[in-house]
Amino acid sequence: MFSIVIPYKQRLDNIRAVFTSLAEQTLDPAGFEIVVGAMEYDPAFVSLCREFTDRLRIVSVLTADEWNTSQARNLGIRHASGRVVVVLDADVALAPAALRNLWERHFQHGQNVCVLGQVFGYDEVLDDDVDDVEAQPYARYRGVFAELETADRARLDPRWSAEYTSAFARFPWAFARTGLMALPTALIRRHGLLLDEGFRGWGAEDQEWGLRISRTGTPITLGQDVYGVHLPHRRDFASQDRSATLTNRYYLAKWPRLELELALAFGGWLAADRLFPEAERELAGAGAGRRLGTVRGTVGGARVLAVGALLDVPPESGGPAAGPPRIDVSAVDDPEVEAVFGGLAGVRAEVLPLAGFALPYEDDSVDECRVLAPVQRLSERYRDAILREAERVSLKPVAPVGDSSPG
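Residues numbered from 1 in each chain as written. Predicted model: local features only at pLDDT ≥ 70, side-chain atom pairs only at ≥ 80, totals over all residues. Heavy atoms only, no water.

Below, the discussion takes up the packing of aromatic side chains. Within this structure, the stated rule accounts for 16 aromatic pairs. Ring centres of tyrosine 164 and phenylalanine 175 lie 5.7 Å apart, and the angle between their planes is 85 degrees; this geometry places the pair in the edge-to-face category. Placement of tyrosine 164 in the loop between helix 6 (153-156) and helix 7 (165-170) and of phenylalanine 175 in the loop between helix 7 and strand 7 (180-184) is noted, with a sequence separation of 11 residues between them. Here the two residues tyrosine 164 and phenylalanine 175 agree in accessibility, since each one is buried. Ring geometry for phenylalanine 266 against tyrosine 382: centres 5.9 Å apart, planes inclined by 85 degrees, an arrangement best described as edge-to-face. (Phe/Tyr/Trp six-rings, centres within 6.5 Å; stacked < 30°, edge-to-face > 60°. Helix = DSSP H or I, 4+ residues; strand = E, 2+ residues; numbered from the N terminus. Buried < 20%, exposed > 50% of the residue type's maximum accessible area, 1.4 Å probe, protein only.)

So this is what it looks like as structure tokens:
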């Protein structure tokens, strides 16, 4: 029935609580297996698994590779034998009826759907970094689950709130969270839907996985009465923020999409949903029917980025491919860009269909950035966002909008 896939390393107290929550499920334990992708060889972890062998069926796949949460999940997914894969964090204890509700309300009739569960308690650890967390007796979580049974759980998870209804309808994949999420195993196998192990550290690997799931045509839905509690653990918030910046750039380079640019540049998915129709109209007008993009290449040994280039490319098609098709420099249909690069014949350049609100490049990673004339046609909010990002990536001061002379 279910394969519960858990990525694991050095969270012994927490995974003990997770195993306890699974042992107390109201669903018959014959209906699920637990597959742990453990990225360490730890005798204490093996001993812990042994404690639960009379109540749970636990399969552990062990490796000593450097920690990579996507790789750890993939280790488990590859060995899953159930009809439905449930990805669950090693820090999330499930409510007693979670698996039964997940089965009866979402999968027992063979539905092809991706279900997002609720996880409460992410804010339990607040602003300070956490170096040491004392394990709580599991009785405490039994009490929390009893309280949650009658709580307004939609209010506790913003994805379920009315405020997010429009954003979820427009970008459901952006709300995927691998803390608790389920989809048919056959869907994963058919489309090769493993997580992208190119994501290093904390970040958006779950959103990106949700995007590829969505591109198969599979509905992404909010689970009804499928929830768990996040268990506190050590955190380094500064490191987490740095990691998120890098992974978001990796994400944007792989999927250069307007909605992702807007979310990164303007403060998240609510803002992206609010601005998307307007930004789409303005960009279409600025490009006179052609898409705006960026072109990064070399001119006389200098690394140059052109923002606001006119591209002759069709709209992105669907499908669960690893990423959208790469755009060749031949798709650039812009005399300004040709002037910047001294002609495009034979030029090796990276072309991305990005307006420039957010760019997947590091700070000061190009020698100069040219912001081209179509950007001048945008309203102040969008024009300023592009100029800020151009300044961030450019070593030299950015030339005035529409001025192709060297900066």
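After that view of the structure, there is still more to cover.
Now for helix 9 (residues 205-214). A large share of helix 9 lies buried, amounting to nine of its 10 residues. Among the residues of helix 9, those classed as buried are Glu205, Asp206, Gln207, Glu208, Trp209, Gly210, Leu211, Arg212 and Ile213.

Across the sheet, eight strands lie side by side as 3-2-1-4-7-6-8-5; this open sheet has mixed pairing. The strands lining the two open edges of the sheet, one partner per strand, are strand 3 (58-62) and strand 5 (92-94). Each adjacent strand pair in this sheet contributes to an overall mean axis angle of 30 degrees, direction not counted. Note that strand 4 (residues 84-88) and strand 7 share five bridges and pair antiparallel. Its bridge partner lying in strand 7, valine 87 is registered against methionine 181. Of the strands in this sheet, strand 1 (2-8), strand 2 (32-38) and strand 3 are in contact with helix 2 (residues 43-51), which crosses strand 3 at around 165 degrees. Most of the contacts of helix 4 (residues 98-107) go to strand 8 (residues 220-230), to which it runs at about 180 degrees, and overall it touches strand 1, strand 2, strand 4, strand 5, strand 6 (114-120), strand 7 and strand 8. (Pairing = 2+ DSSP bridges. Axes fitted to C-alpha atoms, helices over the stretch in contact; angles between N-to-C directions. Contact = heavy atoms within 4.5 Å.)

A few words now on the sheet that holds strand 10 (residues 302-311). Here four strands make up an open sheet; going across it, the order is 11-9-10-12 and the pairing mixed. Each edge of the open sheet is held by one strand with a lone partner, namely strand 11 (350-352) and strand 12 (368-371). Pairs of neighbouring strands in the sheet enclose a mean axial angle of 20 degrees, with direction left out of account. Sheet topology note: the strand 10/strand 12 ladder contains four bridges and is parallel. Note that in strand 12 the partner of alanine 306 across the bridge is arginine 370. Across the sheet, helix 14 (residues 380-393) touches strand 10 and strand 12, and the angle it forms with strand 12 is around 165 degrees.

On to the nonpolar core. Of all hydrophobic cores here, the largest spans 68 residues; its most connected members are Leu116, Trp209, Trp269 and Phe357. If you tally residues by element for this core, the top one is helix 12 (residues 269-286), at seven residues. Setting aside anything within four residues of it in sequence, one finds phenylalanine 357 in contact with Leu258, Glu261, Leu262, Ala265, Phe266, Leu283, Tyr382, Ala385, Ile386 and Glu389. (Core = buried A, V, L, I, M, F, W, Y, C linked by side-chain atoms within 4.5 Å.)

Okay, the pattern of salt bridges next. Within the structure shown, the criterion is met by 25 salt bridges. Across the salt bridge formed by arginine 73 and aspartate 89, the nearest N and O atoms sit 2.4 Å from each other. Of this pair, arginine 73 sits in helix 3 (residues 69-78) while aspartate 89 sits in the loop between strand 4 and strand 5, placing them 16 residues apart in sequence. With relative accessibility at 2%, the residue arginine 73 sits in the buried group. With relative accessibility at 17%, the residue aspartate 89 sits in the buried group. The partner of arginine 105 in a salt bridge is aspartate 225, and the shortest N-O contact between them spans 2.3 Å. With a gap of 120 residues between them, arginine 105 in helix 4 and aspartate 225 in strand 8 connect regions that are remote in the sequence. Connected through salt bridges with shared partners, the residues Asp196, Glu208, Arg212 and Lys254 form a single ionic network. (Salt bridge = Lys/Arg side-chain N within 4 Å of Asp/Glu carboxyl O.)

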